[in-house]
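Fold and geometry: a report
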Amino acid sequence: MKDVFISVLIVTGSGLFLLAALGLVRLPDALCRAHAVAKGTCLGVLLVLIATALALQGKGVTLLILATALFQLLTIPIAAHLFGRLAYRKNIPLWKEKPLDREGNRGE
C-alpha cells in the first residue's frame, strides 16, 4: 500500500512538471509563463521529495529532503517574481487580449 502511495505521488509530481512545460510552450506572454512554471515546478518538486522521503525513511535523509523542500519553496517563487519583473521592466510585449484592471488599463 505504501508503494502505491509513493508511486501516486511521483506520477502526480511528474504530471505537474508536464503541465508546467506545456504552460511554458502554450501560454501567450512572459508573465503567464513564469506563473505556470513556478506553480507546476514548485508543487511537482514537493510531491517528488515527499515520495522520496517516504521511500527512504532515514532520519538524516528526511532532514536533508526537508531542507531541500524548504529551499525550493523559498527560491522558485522568488525567481519567478524576478523573471516577471525583468520582463515588465524590459517592456517585453504582454498579451494583447489581457483583461482590463480596475483602472481600465491592460497592464501597459
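Residues numbered from 1 in each chain as written. Predicted model: local features only at pLDDT ≥ 70, side-chain atom pairs only at ≥ 80, totals over all residues. Heavy atoms only, no water.

On to the nonpolar core, then. Within the largest apolar cluster, 6 residues are counted, these being Val 45, Leu 46, Leu 49, Ala 53, Ile 65 and Ala 69. Going through the elements one at a time, helix H2 (30-56) and helix H3 (59-89) are the ones with two or more residues in this core. Among the elements that take part in this core, H2 stands out by supplying 4 residues, more than any other. Apart from the residues lying within four places of it in its own chain, the contact partners of Leu 46 are Ala 69 and Leu 73. (Core = buried A, V, L, I, M, F, W, Y, C linked by side-chain atoms within 4.5 Å. Buried < 20%, exposed > 50% of the residue type's maximum accessible area, 1.4 Å probe, protein only. Helix = DSSP H or I, 4+ residues; strand = E, 2+ residues; numbered from the N terminus. Contact = heavy atoms within 4.5 Å.)

Of note in the backbone geometry, Gln 57 takes a positive phi value of approximately 50° without being a glycine. By the element assignment, Gln 57 lies in the loop between H2 and H3. Judged by relative accessible area, Gln 57 falls into the exposed class, the value being 54%. Unlike most non-glycine residues, Asn 91 shows phi in positive territory, near 55°. By the element assignment, Asn 91 lies in the segment after H3. Look at Asn 91 and you get exposed, because its relative accessible area is 65%.

Time to look at the packing of H2 against H3. Taken N-terminus to C-terminus, the directions of H2 and H3 make an angle of 175°; their axes are 9 Å apart at the nearest point. When the axes of H2 and H3 are compared, the pair comes out roughly antiparallel. Across the interface between the two elements, Ala 30, Leu 31, Ala 34, Ala 38, Thr 41, Cys 42, Val 45, Leu 46, Leu 49, Thr 52, Ala 53 and Leu 56 of H2 pack against Val 61, Thr 62, Ile 65, Thr 68, Ala 69, Gln 72, Leu 73, Ile 76, Ala 80, Phe 83, Gly 84 and Ala 87 of H3. Taken together, the residues of the contact of H2 with H3 break down into 18 nonpolar, 6 polar and no charged. (Axes fitted to C-alpha atoms, helices over the stretch in contact; angles between N-to-C directions. Parallel < 35°, antiparallel > 145°, perpendicular 65-115°, else oblique. Nonpolar A, V, L, I, M, F, W, Y, C, P; charged D, E, K, R; others polar.)

Any functional reading would require information that these geometric values do not contain.
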